[in-house]
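# A closer look at the structure
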Amino acid sequence: GGKSNSSPWWVLFGGALISLAALALVRDLLDPVVGIAYPFVTCYAAIAIAAWFGGLGPGLFALLLGLLAGNYFFVSPRYALTFHEVNLTGVIGNFAFCATGLVICGALTALHSASFRAESSSVALADAERRVTRVLESITDALYAVDANGCLIHMNGAAKRLLVERGLDPDGLF
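Here's a quick rundown of the structure. (Residues numbered from 1 in each chain as written. Predicted model: local features only at pLDDT ≥ 70, side-chain atom pairs only at ≥ 80, totals over all residues. Heavy atoms only, no water.)

### Some points on unusual backbone geometry
Cis rather than trans, the peptide bond between S76 and P77 has omega equal to -5°. With respect to the helices and strands, the residue P77 is situated in the loop between α3 (56–74) and α4 (88–138). Despite not being glycine, Y79 shows a phi value in the positive range, around 60°. (Helix = DSSP H or I, 4+ residues; strand = E, 2+ residues; numbered from the N terminus.)

In structure tokens, the structure reads:
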């Protein structure tokens, strides 16, 4: 929760699919260099992109697609999802990919949610400061405010006029 995303679900999941497809193509281009050694190496970026822009659901969708695509295209025997040749190395590799993908999804979703909350808090704080300033400016008596250290942080118009009448520069006090 906390993340506001106004895009329809099909756009978010479609973005995850496109991201995974593009990065699977990149992995295919890297195949002469990496061979079967790193079947999921570009899938992590697709998961991160999907989770950041779409949220947890599209991130998990990219994780599942990455698991299937990595095993189908880049694990021997290629172009087959054969589970009769399951070995410990393959199981550990798939488990490590899923665990890492879950961490990426969770971390980016939490980070994006925290960023949204911080932005919302910042907007609310700015609104509150404007309201307080309007109230302080509406007071007809001279008023000034200091922080906990005794430093001047606000002076309303009446206080500034009073200082000007006495020949002092109110802006020089801040």
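### Thoughts on a nonpolar patch on the surface
Where nonpolar side chains cluster on the molecular surface, the patch consists of L64, L68, Y72, F73, Y79 and L81 and spans about 550 Å² of accessible area. Note on placement: L64 falls in helix α3. According to the relative accessible area criterion, L64 is partly exposed, its value standing at 48%. (Patch = residues over 30% accessible without salt bridge, like charges linked within 9 Å, V, L, I, M, F, W, Y side chains within 5 Å. Areas by Shrake-Rupley, 256 points an atom, 1.4 Å probe, with all protein chains shown as cover. Salt bridge = Lys/Arg side-chain N within 4 Å of Asp/Glu carboxyl O. Buried < 20%, exposed > 50% of the residue type's maximum accessible area, 1.4 Å probe, protein only.)

### Quick look at the packing of helix α2 (residues 43–54) against α4
It is at 9 Å that the axes of α2 and α4 come closest, and there the two elements cross at 30°. Judged by the inter-axis angle, α2 sits roughly parallel to α4. Note that α2 runs across α4; the crossing there is right-handed. From α2, C43, Y44, I47, A48, A51 and W52 reach across to α4, where they touch F97, T100, G101, I104, C105, L108, T109, L111 and H112. For the contact of α2 with α4, the residue count by class is eleven nonpolar, four polar and no charged. (Axes fitted to C-alpha atoms, helices over the stretch in contact; angles between N-to-C directions. Parallel < 35°, antiparallel > 145°, perpendicular 65-115°, else oblique. Left-handed = near helix turned anticlockwise from the far one by under 90°. Contact = heavy atoms within 4.5 Å. Nonpolar A, V, L, I, M, F, W, Y, C, P; charged D, E, K, R; others polar.)

### Concerning the pairing of strand β2 (residues 152–155)
In terms of strand pairing, strand β1 (residues 144–146) meets β2 through three bridges, oriented antiparallel. Among the inter-strand pairings, Y144 is bridged to a residue of β2, identified as M155. Two successive antiparallel strands, β1 and β2, enclose a turn made up of five residues, where G150 displays a positive phi of approximately 85°. (Pairing = 2+ DSSP bridges.)

### Brief notes about the packing of α3 against α4
Here α3 crosses α4 at 160°, and the two axes come no closer than 10 Å. Of the possible angle classes, the one that applies to α3 and α4 is roughly antiparallel. At the point where α3 passes α4, the crossing takes the right-handed sense. Contacts between α3 and α4 involve L56, G59, L60, L63, G66, L67 and N71 from the first element and N94, F97, C98, G101, L102, C105 and T109 from the second. In terms of residue class, the contact of α3 with α4 is made up of eight nonpolar, six polar and no charged.

### A few points about the environment of P170
By the element assignment, P170 lies in the segment after α5 (157–165). Overall, P170 belongs to the buried group, its relative accessible area being 7%. Sequence separation between P170 and K160 is ten residues; the distance between their C-alpha atoms is 5.5 Å. If we ignore the near neighbours within four places in the chain, the residues touching P170 are M155, K160, L163 and V164.

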